[in-house]
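Structural description and commentary
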Amino acid sequence: MKRLFLIYSILIASFSISLADNPVIQTHFSPDPAPMVYNGTVYMYTGDDIPGTDFYYMTKWRVMSSTDMVNWTDHGSPISLESFEWARDRAWAAQCIERNGKFYWYICAQSTQNDMAIGVAVADSPTGPFKDAIGKPLIMNGSWSNIDPTVYIDDDGQAYLYWGNGSLYYVKLNEDMISYSGDIVTVPITVESFGGIRGNKNAETPNKDMFVEGPWLYKRNNLYYMMFAGMGKGGETLSYSTSASPIGPWKYQGKIMEDQKLNSFTNHGGIIDYKGNSYLFYHSGLLPNGGSYGRASCIEQFTYNVDGTIPAVTATKEGPEPVGEINPYKRVEAETMAWSQKCSIAQHADVGVYVTSTRMNGYIKVREVNFGIKSPKSFSASLAAGVDGGILEVRLDSVSGPIISSVQLPRTGGWEIFKTFTVELKQEVTGKHDVFFCFNGQNITAGRELFNFDYWVFDEN
Ligand code: FUB
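Counting starts from 1 at the beginning of each chain's written sequence and moves along it residue by residue. Only residues with pLDDT of 70 or above have their local features reported here, since the model is predicted, and side-chain atom pairs are shown and tallied only from 80 upward, although totals for entire chains, interfaces and linings are computed over all residues. Side-chain metrics in this entry use all non-hydrogen atoms of the structure; hydrogen atoms and water are not considered.

1. What to know about the pairing of strand 32 (residues 452-458)
The rule is simple: take the accessible area with a 1.4 Å probe, protein chains only, and divide by the maximum for that residue type; under 20% is buried, over 50% is exposed, in between is partly exposed. Counting from the N terminus, the helices are DSSP H or I runs at least four residues long and the strands are E runs at least two residues long. Burial analysis of strand 32 places seven of its seven residues in the buried class, the great majority of the element. The rule for pairing is simple: two strands pair if DSSP sees at least two bridges between them. The sheet contact formed by strand 21 (residues 332-333) and strand 32 spans two bridges and is antiparallel. Bridging from a neighbouring strand, V332 pairs with W456 of strand 32.

Quick look at the structure:
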C-alpha cells in the first residue's frame, strides 16, 4: 500500500509541474508589476484594474511577496488614492525601493489640477503601513507625461528617478529620496537611443519601435539598462536600451517581448535577479474576463546572453520554476498561493489579509509543500463563516487527488469571527507535494459564499 502511494506521489508530482501558473495572481487584477528584492524575498508592487471598466480607472495599489517565485503571498492594498490628498483618479504604474531601512513607493496618479503627477509614499516595512511622504506631488507641472516612475540607487549612492509617456525624463533624487536637485532633464529620443521617433514611426523608424512608456532602470555588470514599453505589432512591446552611464546616452538594443497574444494593449514590465536567476515581469489580459483594462502580472525566467544583451522572451503559461519550498509546520497564510479559482482577497484591520468569497468547486493550490520524512498527524485552519455547511478539503497533488484532511465547518458567529479548527489526518503524507485546499459544502445554495480562510498549519509530529 505504501509503495503504491509512493508511485502515485511520483506520478502526480511530475504531472503537476506542467500545470499553468501564469498569470501569477488570479484573485484580482495586478497590472504594471514592479519587483523588488529585499532581505531574501521578492516583493511585487502592482496596480489594481477594476473589473468591467473601459479605461485605466484604478483607485489603489497592491503588494505581494514570494520566496520561491511560484507561491505568492498577498499583502493587500497598503495605499490607494485616499493616501494622497492631491490625487483624484488613475492610480497608475509605480515602483518601490529600499534605502536605509525605509521603503519609498513612487506612484503616479491624476492630480486635482487635472494632470498626471508623481508622488512618493514611505514606510518602515516593504508591506507598509505607507503614508504620503511629502503631502504633495514630487513631480507636477501640468503634463500628462508624468507617469510610470522608475527609481534606481547607484553604487555611489546617487538615486535617479526616470518617468514618462512619449517623452522620457529624469531627475537626481536627494539622499532623503523625497526631494530632488537640479532641473528635470528631457532625454533625447532618437532612432539610435530608443528605436524610433514618435509620430514618424513608419517614415523614420527602420526597426519599427519607439519609447512609449513604462521605463525600468537598473544596472548589471556596470552596464545600465533601460527597459521600456515600445510600439509593436498590435500593442506594446517590451524593448530596451543600454548605456555606460545612468544618464545616457542610451543605445537602442531591441525588443525583448513582442506580439505574444497577451490580450492587452499595454505590457508594462520590470526585471530582477533573484537566487541566481533573472526574471522578466510583465502583465497580460489572459485571466478570465481580462483584457486591456483587466491585466494581471506574469513572470518569465530568462538568461542574459554572454555579451549582456537580453534574449527575446516568450510568454508561457507555466511561468518560472520554483526556487524554494513551503514549510507546512509553520503558519502559512491562506493568501499564499500558486493558483486559485473561485475565491478572492479581503483585508480587515484585526485579521489582516484573508481569502474570501470561496465558492463550490473553487480551490487554492500551494506548490512545493515539503512534509519531510515523517507524516504530520493533524491539520489546523483558521476559518470564519456566517452560514453552516462549508467544507474545506485538503487534497494532494490535484483537485481530485486524495483527501488527506477535511474540516466540516459550522457557522462561527460571523464572516469575520475566525476560529481555529484542528482535524486528524486521514492518511499519512511525506515528501514534497502540491497541496490543494478545495472549497466544498453541504446544503449550500448555488453560488453562495462558503467561508473565509485566514491561515493553515500541520502539526510537526
Ligand atoms: O496601468 C495604467 C497605465 O497603463 C500605466 O501607467 C502604463 O504603463 C500602462 O501599463
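From this point, the discussion proceeds with the structure in view.
2. Observations concerning the sheet that holds strand 23 (residues 339-341)
Spatial strand order, 23-26-31-28-29: five strands in an open sheet with antiparallel pairing. With one partner strand each, in any of the chains shown, strand 23 and strand 29 (403-409) form the two edges of the open sheet. Along the sheet, successive strands turn relative to each other by an average axial angle of 20 degrees, direction set aside. Relative to strand 26 (residues 363-370), strand 23 runs antiparallel, the two being bridged by three bridges. The residue of strand 26 that forms the bridge with S340 is I364. Angles run from 0 to 180 degrees between N-to-C directions of axes, and those axes are lines fitted to C-alpha atoms, restricted for helices to the stretch in contact.

3. Let's talk about the site of the ligand
For this purpose, a residue is taken to be near a molecule or strand whenever a single non-hydrogen atom of the residue falls within 4 Å of it. As a matter of local geometry, the ligand sits amid D32, M58, W92, A93, D148, E213, T266, H268, H283 and R295. Any pair of nitrogen or oxygen atoms within 3.5 Å is treated as a polar contact; in protein, a donor-acceptor pairing is required on top of that, and neighbouring residues in sequence qualify only through side-chain atoms on both sides. Within the backbone of A93, a nitrogen or oxygen atom sits 3.3 Å from an oxygen atom of the ligand. Within the contact set of the ligand, an oxygen atom lies 2.7 Å away from a side-chain nitrogen or oxygen of R295. The fraction of the free accessible surface of the ligand (280 Å²) that becomes covered by protein chains is 98%. Under the convention adopted here, Pro, Cys and the residues Ala, Val, Leu, Ile, Met, Phe, Trp and Tyr are nonpolar, Asp, Glu, Lys and Arg are charged, and Gly plus all remaining residues are polar. Of the residues in the shell around the ligand, the class split is three nonpolar, three polar and four charged. Per-residue and other accessible areas were derived by the Shrake-Rupley procedure at a 1.4 Å probe size, with only the shown protein chains allowed to occlude residues.

4. Brief notes about the UniProt feature "active site" (unreviewed entry) in the protein chain
UniProt positions are given in the numbering used here, feature names are shortened, and annotations may be inferred rather than shown by experiment. UniProt records the feature "active site" (unreviewed entry) for D32 and E213 in the present numbering. Maximum C-alpha separation among the annotated residues is 11.2 Å over a sequence range of 182 residues, consistent with a single clustered spot. Along the polypeptide, D32 turns up in the loop between helix 1 (2-16) and strand 1 (34-38). For D32, a relative accessible area of 7% corresponds to the buried category. If we skip the residues at most four places from it in the chain, D32 touches Y45, T46, M58, W92, A93, H268, H283 and R295. Residue position: E213 is located in strand 14 (residues 211-220). Excluding anything up to four places from it in sequence, E213 contacts I147, D148, G164, N165, F228, A229, E236 and T266. A polar atom in the side chain of E213 sits 3.0 Å from the side chain of N165. By definition, residues are in contact when any of their heavy atoms lie within 4.5 Å.

5. Points about empty space enclosed by the protein
Cavity and pocket criteria rest on a 1 Å grid covering protein atoms alone: a 1.4 Å probe that fits but cannot get out defines a cavity, protein on both sides within 12 Å along at least 5 of 7 lines defines an open pocket, and an atom within 4 Å of a point defines a lining residue. Grid points are joined across faces, edges and corners, and a volume is the space filled by probe spheres set on the points. Within the structure shown, the criterion is met by one cavity of 30 Å³ or more. As a volume, the largest cavity reaches approximately 50 Å³. A per-element tally of the lining of the largest cavity places strand 4 (residues 72-74) first, with three residues. When its residues are assigned to classes, the lining of the largest cavity shows five nonpolar, three polar and two charged.

6. Observations regarding the pattern of salt bridges
By definition, a salt bridge exists where a carboxyl oxygen of Asp or Glu is found within 4 Å of a side-chain nitrogen of Lys or Arg. The final tally for this structure, using the stated rule, is 16 salt bridges. A salt bridge links D259 to K261; the nearest nitrogen and oxygen atoms lie 3.2 Å apart. Between R411 and D388 there is a salt bridge, with the nearest N and O atoms lying 3.1 Å from each other. Residue R411 is located in the loop between strand 29 and strand 30 (414-424), and its partner D388 is located in the loop between strand 27 (378-385) and strand 28 (390-396); the two are separated by 23 residues in the primary sequence. When its relative accessible area of 54% is taken as the criterion, R411 is described as exposed. Take D388: its relative accessible area is 41%, and that puts it in the partly exposed class. Salt bridges linked by common partners bring D21, K365 and R367 together as one network.

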